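Each chain is listed here by its residues.
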Amino acid sequence: MTAYVLETRDVAIHYGGVKALDGVSLTLEKGQIRGLIGPNGAGKSTVIDAITGRRPLTRGQVILDGQDVSQLGAVARRRLGLSRSFQRTSIFTGMPVRKQVELASYKMGVSDSAADAEAVLQELDLARLGDVVAEDLGYGEQRRLDLALALVGRPKMLMLDEPMAGLSVKESLDLAQHLKALTSRWEVSVLLVEHDMDVVFSISDAVTVFELGRVIASGEPAQVRADPRVREAYLGSAA
Ligand SMILES: Nc1ncnc2c1ncn2[C@@H]1O[C@H](COP(=O)(O)OP(=O)(O)OP(=O)(O)O)[C@@H](O)[C@H]1O
Ligand SMILES: [Mg+2]
């Protein structure tokens, strides 16, 4: 049996009559990137909320490294290694990059937050920008800072909700390379929600497709891309 870093078992979140998620089971292995795609409203952001503890589950379980964390709050789950990046909201625009990352690490309770922050900055090629205030960063660099803030304390799992949105092709490729490097060097597992199909199918080890709160396909990228149901439901029959 494979030891999964993360497993959701039959996870559901209902909002009144709306079944945002309705029985989602998925797994992440160590260092694996799982791409998650599906039409607008399919439940992609909601599954991230379910895993991180931002929304209570209607039913099902979230298992991290074999431990059922379904009843834990978001802060406790983050400390156990379930991290996500938020877009923009996490950046204090007037503060230098290094200081922000150190502060985030300190708040996480990391004992040597300076060393932790430095490692993250090096990994994301942000160390040379350590003294620059966030508002003076380029857009692509700001996205890398979002990622840096999510990486303090060496999480086991990173959940990213459309991290490439608004980036140029070059910036997207750059971010994709950093993600790939992270998974191999730090053995972080990544759940990547992304509309850019080229990025998803090129860097993911596995792809899951959602429709109306359910998994309609899951497997290796090539296999998922060829699935008739996926082509019909999402990629368009011409894909
Ligand atoms: N707070 C809420 N109250 C009621 N319904 C909600 C709430 N949040 C999300 N939903 C509904 O849950 C469903 C899933 O939404 P979700 O945001 O997870 O989709 P998504 O796949 O992330 O879509 P997108 O690609 O547009 O980001 C949608 O039908 C949405 O309208
Ligand atoms: Mg969404």
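Residues numbered from 1 in each chain as written. Chains lettered and ligands numbered in written order. Predicted model: local features only at pLDDT ≥ 70, side-chain atom pairs only at ≥ 80, totals over all residues. Heavy atoms only, no water.

One open sheet accounts for four strands, arranged E2-E1-E4-E5; its pairing is antiparallel. Across the chains shown, the open sheet's two edge strands, defined by having one partner strand only, are strand E2 (18-28) and strand E5 (67-68). Inspection of the sheet shows strand E1 (residues 6-15) paired to strand E4 (residues 59-64) by five bridges, in the antiparallel sense. Considered in E4, the bridge of Ala 12 is made with Arg 59. (Pairing = 2+ DSSP bridges. Helix = DSSP H or I, 4+ residues; strand = E, 2+ residues; numbered from the N terminus.)

A few words now on the nonpolar core. Judged by nonpolar contacts, the single largest core of 35 residues is most densely connected at Val 101 and Leu 147. Of all elements in the fold, only helix H3 (97-107), helix H4 (113-123), helix H5 (139-151), strand E7 (157-161), helix H6 (169-185), strand E8 (189-193) and helix H7 (197-203) reach the threshold of two or more residues within this core. Tallying contributions element by element places H5 first for this core, with six residues. Mapped onto the domain boundaries, this core takes at least three residues apiece from domain 1 (1-81 + 155-239) and domain 2 (91-154). Residues in contact with Leu 147, not counting those within four places in the same chain, are Leu 124, Leu 158, Leu 160, Leu 175, Leu 179 and Leu 182. (Core = buried A, V, L, I, M, F, W, Y, C linked by side-chain atoms within 4.5 Å. Buried < 20%, exposed > 50% of the residue type's maximum accessible area, 1.4 Å probe, protein only. Domains from an automatic or database assignment. Contact = heavy atoms within 4.5 Å.)

In this section: the packing of aromatic side chains. Counted according to the given criterion, the structure contains zero aromatic pairs. Cation over ring: Arg 154 sits above Trp 186, and NZ or CZ is 3.7 Å from the ring centre. Looking at Arg 225, its charged tip hangs above the ring of Phe 201, at a distance of 4.3 Å from the centre. (Phe/Tyr/Trp six-rings, centres within 6.5 Å; stacked < 30°, edge-to-face > 60°. Lys NZ or Arg CZ within 6 Å of the ring centre and 35° of its normal.)

Moving on: the site of ligand 1. Neighbouring ligand 1 are 13 residues; Asn 40, Gly 41, Lys 44, Ser 45 and Thr 46 lie closest to it. Take Ser 45: an N or O atom from its main chain is 2.9 Å from an oxygen atom of ligand 1. When ligand 1 is considered free in solution it has 650 Å² of accessible area, and contact with the protein chains removes 61% of it. Element by element, the count of residues in the shell around ligand 1 is highest for helix H1 (residues 44-52), at three residues. Residue composition of the shell around ligand 1, by class: four nonpolar, six polar and three charged. (Near = heavy atom within 4 Å. Polar contact = N/O pair within 3.5 Å; in protein donor to acceptor, adjacent residues only side chain to side chain. Areas by Shrake-Rupley, 256 points an atom, 1.4 Å probe, with all protein chains shown as cover. Nonpolar A, V, L, I, M, F, W, Y, C, P; charged D, E, K, R; others polar.)

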